[in-house]
Every structure is written in structure tokens, then in C-alpha cells.
Amino acid sequence: MSEGRGARPGPDPADRVVIGITFGNSNSSIAFTVDDKAKVIANEDGDRQIPTVLSYVDGDEYYGAQAKAFLVRNPSNSIAYFREFLGKDFKSIDPTHCHAAAHPQDNAGSVFFAVKDKDAEGEASHVSVGEAATRYLRRLAASASDYLGKKVTSAVITVPTNFDEKQREALTRAANDADLEVLQLISDPVAAMLAYDARPEAVVEDKIVVVADLGGTRSDVAVVASRGGMYTVLATAHDYEFAGVQLDQVLMDHFAKEFIKKHTTDPRSDPRSLAKLRLEAEATKKALSLGTNAQFSVESLADGLDFSSTISRLRYEMIGRKVFDGFTRLVEGAVKKAGLDVLDVDEVILCGGTSHTPRVANNLRAAFPESTEILAPATSAGAVNPSEVQARGAALQASLIQEYEAGDIEQSTHPAVTTVKHISNAIGVVTVNPDGEQVFTPVMQAETAAPARRTVHIAAPRDGGDVLVKIVEGGTHIKVTKPEPKPKEPVNGDKAGSDDDSDFDSEGDDDDDDDDEKREKIWKLGKLLAEAAIKGVKKGGKVEVTINVLADLGVTVTAREVGGKGGVRGHLAA
């Protein structure tokens, strides 16, 4: 996996003060580690999720929540939702989300904003998107420095999986210009998994994880194979149609219609009224993630008229159903794109601000089997705050690599080093159970990076004796068992009534059939790789099988009795 590196010589490793940064398009977070635990830093306003907004008033620069508040009174001098434009040409950007702030403009193909950042009466300055990122990152670093009591020198920054090399270079350059050494750029899903896998109670095991990063302006899903602590991204999906702003829009339209009923004026028709509506809708959305009812209240919403209303979570979930369904389809689509089934997924990690919404997690809980852990506040008591999980992962990565020289970090994350071979199918052991059935025990899962070594213990027959071990490739197969169709009851009454009733009954039957349909994951045996016979295993004994996949994908198999002498060893060429 290719990761970004710092572009200029940084401080001496011994003098580094490092943080992790999630630089989001809507909100950002900063974190540091103490005693191997990651903590998210609150800025001077007490915010841990810091809006990615800059605003200029009479020559003073504001950022975060203060700047976001100025989107109502000072939109033309406020820069918002600009992270996405880094490293892009003007013709390839989507300025949709900037309509309530300073509009991006074209300067020989590059993106800039015209804002009066010196004083209110002077000429507008042309602030490039790279300069906006530098100013914002400088404020984040300053907040972290104030919190820690020492100057932050270096950072690991998370980026979406579809950030190309040009965008990574632009972000690194912006951070360097903010006097911040970029130790590494790591992808958002990897950062989230690091945060979970670094917890004291975490067990490093082979698993398939879906990381759903549901942000304010975009949603990103990654399907990741974790094999022995190494992560391989199997598939990604990116969506701009289903994100937090669409839920804001649902609430804005709902309350705008209520206001029109009372006062016949549409608050969406005036830019300032629209900005007020948007801010309060977002606040209401957040309140509904915590409680079952929320108050919506805006002073002088339109035509000098105040407006106040309430909404229940149930009503919100009904009017936002299309958006909620869109999140579920996006996650299911990413799993399908990876060539997997929901039954193959061991964990779903939800991150991003929109993941706080209970309905999102509950829908995924219904879409995945009970064996899949849905890690979100609504479905798991042990879930990490979705808005903080990526910054925590970045901070943990920063603490791991802060003592290395910049050149060593660059070399270890170079694509030529980290792009390694993987086995395409699972490798396991086939034994015969007391009923005479073949049982496949996976030893090494598919997508495990080579070289790798795994060991499994196989129970011998109860009375001991000779044990034949078969080493085979295996793949998963989803077995669907449909229930027997139910006999339809004869319906009495007239013809029209009968048709209506039978339609109703058949719909009910279909629902029942869906509920009763059984889907299970079973192993399908593939190519036989090797056979080994262990003779004279003692009563109640076990056979230890070790599979060692070499860097060239050659396989060495060792089988022996646990506690016994000797054994069998063989090698298979790739």
C-alpha cells in the first residue's frame, strides 16, 4: 500500500513532537498518544470535531466552530469544504458544497478563493486551495501545541483511499508550509482499524473488516482483509450522493415546509435564511442521534419571523429513509465488489460524523448476520467515538514511527516494499470426524500476505492410532436453503374481495419466505496440495500442522504429534 512521505528534512527524531490528524472536508480532529493510548485534543473552543472552515473578519482569522458561525453573516469571506480541491484542476472539482461560502475560482486551471483577509475595506486576496489548507493545518498544529505545552513538529495525516499521488503531494506540501513534517499519510480505513486493534482488549486475528466512513459531504467504504496484523484493501467504494449533508437537507426541507404553512414564505429562497436553516438542521440532526426528540429553533428565520418546532427521531427516520437505505446499499455494494458475501464479514467499523446516527448502525445490524460485530455507538458498548477513531489511529501510527529517520520511514512505506504477494485461496487441513464426514479447518485465510506462518492443532481419534492429514485449498460458498412454499388458504367472498385478499396474502407470504430463507457460509474444497500420515498417535493426542508460505508463494508443510518426536515435512513449489 503506497503511503505519502514528508517532502523536506524534518527535525531530529529525538526532538519530534508528534500528533495524528484527520483532515476532513467537513470536520477535522487532532490526537496524541500518552502511555500508548490515543487521546483526541480539544481546541481552544473546546471542540474535538473542528469544522474545516476559515473565516476573515476585519483582518482577523477565525477557524473551526467560530468560522462556521460566520457562514451566516460573512459567507463571502469564509472558506469551507476545500480539502477535496487539493491537487485538483479547476475543471475537475465539484463546488456544490461551497455555495454558502466563498466560491472556488479558476486561476490558469488551479483553484483559489477571493477573500478579504487583510481588512474589510481592502482588495480581496487570492488564496489558493493549498494556502487555505496550510492556514488551517497551522491552526490545528497551534491548538495541539497549546494543549501539549510544546511545539508540535510532525504528524501522521489520514487521507481517503482514492486520494491520488498529486493530491497526496499537495497535502504534504501544504503541511510542510505550515511548518509541519509529514511522517506519513495513511488511508482512513487503515487508521480506523489501527485504533481498534491497538486497544488492550483487542486480539490480533485473521478477519474481514468493512470500514464505513460516513462523513458530511462524502461516504467512503473499504473492505479490508486483516491477516496477522497486516492489512490488505480488497475493495473500495466512494459516494457523494449519500452523506451527512443529505440528512441535513431532509430536515431543512421538512422545517421549511412547516414554515411555509405558517407564513407562506420559503426560507430557502434567501441566502441568509438558508444558512440559518442549514446550521440549525445540522444541530437538530446531532440532537436526534442522542435523544428521541429534538427542538428546532431559529430567531428571525425569514422576514424577521422567529420559528420553533419539534421533531421525533421516528419521524426523522421516516423522512430520511431513502438516505439511510443508500448508506446500507453502499456498504453492501462494497462487499459485493470485493467478491464477498455479508456472511464473510467479521466486523463493520463505522466512522465519520454521520455514523453517530442510530438508524445507520441499526440498518447495518439488520443487513449483516448476528456473528458480524457492528462497531458503532448504537450497536456496541465498546465502540470508539466514530468522529475520533481515525485521528486516534493516526496518532498511534505517529508514536510508532516517530523515532525513525525520515529516510527510513520513506523507504519502509515505499510501494515497492509494501506491495507484497498474497495467497488467493485459503489453505487448510481436511480430517475425518467420527461420523465419517470430511471436515475442513482453515489454517491460513485467503489474502494473507507472504511470507506467513500459521499453526493449527488437530485432535486425533479418541483411541489414538494413525492420522492422515490432507492439506487442501479451500474457498467459501454461500448455501441458500429456501423453505417449503406454504399452501394458500381459500378465500371466501366476492371476486374483487378475493383478489384484494389474495394479493395481500401473497405479499405476506413473500415476507415470511424471506424471513425463513436460510443462508450459511460453507467451505468448498479445492485442490489437494499434500498428504501426510502421522503414525501411532497416542490416545487423546493431537497433531500439530504448520503451514509456512514463503515469499515466492512456495509452501512448506510440517506435521507432527504434539509432544512427540520426529514428524513429516514437505515442500511445494509455487
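Numbers given for residues are sequential positions, taken from 1 along each chain in its written order. The predicted origin of the model limits local features to residues at a pLDDT of at least 70 and limits the giving and counting of side-chain atom pairs to 80 or more, whereas totals for whole chains, interfaces and linings rest on all residues. To get the side-chain values, take all heavy atoms of the structure and skip hydrogens and water.

Draft legend 1. The packing of aromatic side chains, seen in detail. Pairing of aromatic rings covers Phe, Tyr and the six-membered ring of Trp, with a centre-to-centre limit of 6.5 Å; geometry is then stacked below 30 degrees between planes, edge-to-face above 60, and tilted otherwise. Per the counting criterion, the structure on display carries 12 aromatic pairs. Here the aromatic rings of Phe82 and Tyr136 are separated by 6.2 Å at their centres, their planes lie at 80°, and the arrangement is edge-to-face. Placement of Phe82 in the loop between strand S7 (78–80) and strand S8 (105–107) and of Tyr136 in helix H2 (residues 129–148) is noted, with a sequence separation of 54 residues between them. One exposure class covers both Phe82 and Tyr136, and it is buried. One aromatic cluster is present, built from ring pairs that chain together Phe23, Tyr63, Phe82 and Tyr136. Numbered from the N terminus, helices here are DSSP runs of H or I no shorter than four residues, and strands are runs of E no shorter than two. Residue burial is assigned from relative accessible area. The probe radius is 1.4 Å, only protein chains are included, and a residue is buried under 20% of its type maximum, exposed over 50%, and partly exposed in between.

Draft legend 2. A look at the packing of H2 against helix H3 (residues 165–177). Axes here refer to lines fitted to C-alpha atoms; in helices the fit is confined to the stretch in contact. Angles between the N-to-C directions go from 0 to 180 degrees. It is the contact of H2 with H3, at a shortest axis distance of 8 Å, that shows an interaxial angle of 50°. Looking at the two axes, H2 sits oblique to H3. Helix-helix and strand crossings are classified by hand; for H2 and H3 the assignment is right-handed. In this structure, H2 contributes Gly130, Ala133, Thr134, Leu137 and Arg138 to the contact, and H3 contributes Leu171, Ala174, Ala175 and Asp177. Put simply, angles under 35 degrees are roughly parallel, angles over 145 are roughly antiparallel, angles from 65 to 115 are roughly perpendicular, and the rest are oblique. What makes a crossing left-handed is the near helix being turned counterclockwise from the far one by less than a right angle; a clockwise turn instead makes it right-handed. When checking whether two residues touch, look at their non-hydrogen atoms; a contact exists if any pair is within 4.5 Å.

Draft legend 3. Quick peek at H3. Taking 1.5 Å as the rise per residue, H3 with 13 residues should run 18 Å; its terminal C-alpha atoms sit 18 Å apart, in good agreement. Looking only at H3, the buried set comprises Gln167, Arg168, Ala170, Leu171, Thr172, Ala174, Ala175 and Asn176. Phi turns positive one or two residues past the end of H3, at Asp179, with a value near 65°. Given the number of residues in a helix, its expected span is that number minus one, multiplied by 1.5 Å.

Draft legend 4. Up close: the pattern of salt bridges. Salt bridges are defined as contacts in which a side-chain nitrogen from Lys or Arg sits within 4 Å of a carboxyl oxygen from Asp or Glu. The tally for this structure, following the rule as stated, stands at 24 salt bridges. The salt bridge involving Arg135 is made with Glu131; its shortest N-O contact spans 2.8 Å. Here Arg135 pairs with Glu131, and both are found in helix H2, just 4 residues apart, close to one helical turn. Judged by relative accessible area, which is 31%, Glu131 ranks as partly exposed.

Draft legend 5. Spatial organisation of the sheet that holds strand S9 (residues 110–115). Taken in spatial order, the 3 strands make up an open sheet running S8-S9-S10, and their pairing is antiparallel. Each end of this open sheet is capped by a strand with a single partner; those strands are S8 and strand S10 (125–128). Averaged over all adjacent pairs, the angle separating strand axes in this sheet is 50°, with direction ignored. Note: S9 against S10, 4 bridges, orientation antiparallel. Opposite Ala114, over in S10, you have His126 as the bridge partner. The criterion for strand pairing is that DSSP finds at least two bridges linking the strands in question.

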